[in-house]
Amino acid sequence: MKKTITCICGSYVYSFITKQQRKKMLSENLLKKLNTQVNLEFYSSNLYLQMSAWADNKGLSGTARFLREHAAEEMQHMHKIFDYIQDTGALAELGTIDKPEINLDNIRDVFEQTYEHEKFITKQINDLVDVTLQEKDFSTFNFLQWYVSEQHEEEKLFKSILDKIDIIGLDGRGLFMIDREVGNMLVHA
Ligand code: FEO
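What this report covers is the structure whose coordinates are included nearby.

## Thoughts on the overall build of the protein chain
Counting its secondary structure elements, the protein chain contains five helices and two strands. Going from the N terminus to the C terminus, the protein chain shows its helices and strands as β-β-α-α-α-α-α. Classification of the 189 residues of the protein chain by burial places 26% in the buried group. A sequence separation of at least 24 residues applies to 72% of the contacts in the protein chain between residues at least 6 apart.

Written as C-alpha cells, this is what we have:
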C-alpha cells in the first residue's frame, strides 16, 4: 500500500512506496532458485556441524574444529544470498532443511564426502549463473561471481586435504598428524 507522510506544518507531503511495490528486480524463476540455494547453504552448514560432532566423538579435535569453523562459514554464505534477495525487494523464504545423513568410518570418508558435497554445490552455483545469463540478469550474474570464486577455493581446499591423507596414510601416527594438520588449517588457507 502506498503510504503518505505529511509534515506537521502541512508544508509538504512525502510519499513512499513499500518494498513490495518496487519494480521487481528478480524473475520468479531466479527468485525460486536463489531461495533453493539459501536452503542448500543452510544444509551445508548442518552437514559440516554434524560431521564435526562425529569427529569430536572420535577424538579428532583438529578435524572437529575445522568442520565447525566451516559450518559457520556456510551460514555466512546463506546470509549473503538471503540479504541479496531482500535487497532486490523480493522475499527470501526459508524451507525445510533435510536432516544431514552422514555415513562415516574414518577421516578419509569425512573429506571424501565434503569434497563430493562441494562439487555438488559448485554445480548448483554454475546452474544459477547459467540462468542469469539466459535471463540477462547481469546484476545477479555479478553477485554470483563471488560464489564462483568461493567454490573454486572450497574444492581446492577439500581436495588438498584428501591428497594429504593419501600421502601420509592413516596408519600409526598418520591419523594424529593429519588431524593436527587439518586443525591448523584456516578455512581459506
Ligand atoms: Fe557454501 Fe561450501 O559452499
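## Some points on the environment of Tyr147
Relative to the helices and strands, Tyr147 resides in helix 4 (residues 138-168). With 66 residues separating them in the primary sequence, Tyr147 and Ile81 have C-alpha atoms 9.8 Å apart.

## Quick notes on helix 1 (residues 28-57)
End to end, helix 1 covers 44 Å across 30 residues, agreeing with the expected 44 Å (1.5 Å per residue, within 8%). Note on helix 1: the residue one or two positions beyond its end, Gly59, has a positive phi of about 80 degrees.

## Considering unusual backbone geometry
Positive phi values are uncommon outside glycine, yet Lys136 reaches one of about 55 degrees. Secondary-structure assignment places Lys136 in the loop between helix 3 (107-135) and helix 4. The class of Lys136 is exposed, set by 7 C-beta atoms lying within 10 Å.

About the cut-offs
Residues numbered from 1 in each chain as written. Predicted model: local features only at pLDDT ≥ 70, side-chain atom pairs only at ≥ 80, totals over all residues. Helix = DSSP H or I, 4+ residues; strand = E, 2+ residues; numbered from the N terminus. Buried ≥ 20, exposed ≤ 12 C-beta atoms within 10 Å, placed from the backbone. Contact = placed C-beta atoms within 7 Å. Expected span 1.5 Å × (residues − 1).

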